[in-house]
There are 2 protein chains.
Amino acid sequence: MADVRQMETLTRDESLYLLGSVPLGRVVFTHLALPAIRPVYHLVEGDQIIIRAHLGAAITADDGPAGGTVVAYEADMINPLDHLGWSVIVVGRARNVSDAEADSRYRQALPQWTAGSPDDIIIIQADLVDGFRLIPSGD
Amino acid sequence: MADVRQMETLTRDESLYLLGSVPLGRVVFTHLALPAIRPVYHLVEGDQIIIRAHLGAAITADDGPAGGTVVAYEADMINPLDHLGWSVIVVGRARNVSDAEADSRYRQALPQWTAGSPDDIIIIQADLVDGFRLIPSGD
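Computed from a prediction, not measured in an experiment: that's the story for all the values here. (Residues numbered from 1 in each chain as written. Chains lettered and ligands numbered in written order. Predicted model: local features only at pLDDT ≥ 70, side-chain atom pairs only at ≥ 80, totals over all residues. Heavy atoms only, no water.)

**Things to note about the overall build of chain A**
A count of helical and extended segments in chain A gives three helices and eight strands. Secondary structure elements of chain A occur, N-terminal to C-terminal, as β-α-β-β-β-α-β-β-α-β-β. Of all 139 residues assigned to chain A, the portion counted as buried reaches 50%. Pairs at least 24 residues apart make up 70% of the contacts formed inside chain A by residues separated by at least 6 positions. Working note: accessible area of chain A is about 6,500 Å², and carbon and sulfur atoms make up 55% of it. (Helix = DSSP H or I, 4+ residues; strand = E, 2+ residues; numbered from the N terminus. Buried < 20%, exposed > 50% of the residue type's maximum accessible area, 1.4 Å probe, protein only. Contact = heavy atoms within 4.5 Å. Areas by Shrake-Rupley, 256 points an atom, 1.4 Å probe, with all protein chains shown as cover.)

Here it is as structure tokens:
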């Protein structure tokens, strides 16, 4: 029984919908030439993932001329008992939000990680979106 | 009420203990020069994180002479309502398990992601271990 699952690929729309249904994910970036990951809170608005992170400077540090460091973003909801659930992975360019009104609005909507710690609002453009669902096998 | 939390740094032992208390985490690596992340099942044995992943070849693809690609590994348990919980992040070298007996033992212990998909057992040496706990603020 333990291993009768199959993987079903999700559409882009299904993936972004599921991502938006949970509050928390993990942003993946490169820091000091090493792979780095931090859990953060997010919102999904259209093709954009908005996160609030206090390592923002490091995440968007090597902004190139194309405007944006490439990061990955992941959220999942997998049941530890039956191993069913889903995972969504986004890859795209990240940049600090530049508009003061938007910055303020996102700060209202996204919880702060800890009281009083300075943080940044970062927008990830969802260039690549991959998602899958683990469902019971038909066998 | 929403933002009265503070962050408490965990010791290395506390971090590895908490990591071992959950079955699932996310491995972070570089694939085709882009940041990549996959949810996987894990075991913790001493200073080693053992995972079962079907992108093993990509995770350990650029094994250097020092023997091992550097990856990150993360697990967390954060309550979406009160935002309290913990996160542990490990950084270290990853390599495919070479011993047939160990490979077989880990395959017994770690669930397969989906039925019948080929996968690899990968050992991550926990070189750097960082963990924190989010606790209610004393204020």
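**Structural notes on the interface of chain B and chain A**
Contact residues are listed per partner, giving 35 residues for chain B and 35 residues for chain A. Of the roughly 2,900 Å² buried between chain B and chain A, counting both surfaces, carbon and sulfur atoms make up 69%. One can count four salt bridges joining chain B with chain A. Salt-bridge contacts for B:Asp76 lead to A:Arg26; the nearest nitrogen and oxygen are separated by 2.9 Å. Along the contact surface separating chain B from chain A lie eight residue pairs in polar contact (both at pLDDT 80 or more). Elements supplying a minimum of two residues to the side of chain B that touches chain A: β1 (5–9), β2 (24–31), β3 (34–45), β5 (69–78), β6 (85–96) and β8 (128–136) of chain B. For the side of chain B that touches chain A, a count of residues per class yields 23 nonpolar, six polar and six charged. (Buried area = accessible area lost by both parts, 1.4 Å probe. Salt bridge = Lys/Arg side-chain N within 4 Å of Asp/Glu carboxyl O. Polar contact = N/O pair within 3.5 Å; in protein donor to acceptor, adjacent residues only side chain to side chain. Nonpolar A, V, L, I, M, F, W, Y, C, P; charged D, E, K, R; others polar.)

**Quick notes on the pairing of β8(B)**
In the case of a regular strand, side chains alternate between the two sheet surfaces. The pairing of β1(B) with β8(B) spans five bridges and is antiparallel. By the bridge assignment, B:Gln6 is partnered in β8(B) with B:Ile135. (Pairing = 2+ DSSP bridges.)

**With respect to the relation of the copies chain B and chain A**
When chain B is fitted to chain A, the best match, at an RMSD of 0.0 Å, comes from turning it 180° and sliding it 0.0 Å along the axis. Such values leave the two copies arranged in the relation of a two-fold axis. (Least-squares fit on C-alpha atoms with pLDDT ≥ 70 in both.)

**Section: a nonpolar patch on the surface**
A cluster of nonpolar residues, A:Leu34, B:Val70 and B:Leu128, forms a patch on the protein surface that exposes about 210 Å² of accessible area. Here B:Leu128 falls in the partly exposed class, since its relative accessible area comes to 46%. (Patch = residues over 30% accessible without salt bridge, like charges linked within 9 Å, V, L, I, M, F, W, Y side chains within 5 Å.)

**Some details on the pattern of salt bridges**
As a working rule, side chains carrying opposite charge can pair if their charged atoms are close by. Counted by the stated rule, this structure contains 26 salt bridges over all chains. The closest approach of N and O atoms between A:Arg133 and A:Glu8, which form a salt bridge, is 3.1 Å. Here A:Arg133, found in strand β8 (residues 128–136), pairs with A:Glu8, found in strand β1 (residues 5–9); they are 125 residues apart in sequence, far enough to count as distant. Residue classification places A:Arg133 among the partly exposed residues on the basis of a relative accessible area of 28%. Given a relative accessible area of 34%, A:Glu8 falls into the partly exposed group. One network of salt bridges, in which partners are shared, links A:Arg26, A:Glu74, A:Asp76, B:Arg26, B:Glu74 and B:Asp76.

**Some words on empty space enclosed by the protein**
With the rule as written, the count across this model stands at one cavity of 30 Å³ or more. Of the voids in this model, the largest cavity is the one considered here, and its volume is about 30 Å³. Around the largest cavity sit A:Val28, A:Phe29, A:Thr30, A:Pro35, B:Val28, B:Phe29, B:Thr30 and B:Pro35, which together line it. (1 Å grid on protein atoms, 1.4 Å probe; cavity = no way out; pocket = protein on both sides within 12 Å on 5 of 7 lines; lining within 4 Å. Points joined across faces, edges and corners; volume = space filled by probe spheres on them.)

**What about the side chain of A:Ser87?**
With respect to the secondary-structure elements, A:Ser87 resides in strand β6 (residues 85–96). A distance of 3.2 Å separates a polar atom in the side chain of A:Ser87 from a polar atom in the side chain of A:Glu74. For A:Ser87, the residues in contact, after removing those within four places along its chain, are A:Glu74, A:Ala75, A:Asp76, A:Asp130, A:Gly131, A:Phe132 and B:Pro39.

**Remarks on the pairing of β6(A)**
Residues and elements named next belong to chain A. Within β6, nine of the twelve residues are buried, leaving the element largely enclosed by the surrounding structure. The pairing of strand β5 (residues 69–78) with β6 spans ten bridges and is antiparallel. Each residue of the ladder has a partner; that of Ile 78, found in β6, is Gly 85. Hairpin connection from β5 to β6: six residues lie between these consecutive antiparallel strands, with His 83 at a positive phi of about 65°. Bridge count for β6 against β8 is seven bridges, and the pairing is antiparallel. Paired with Val 88 across the strands is Gly 131, a residue of β8.

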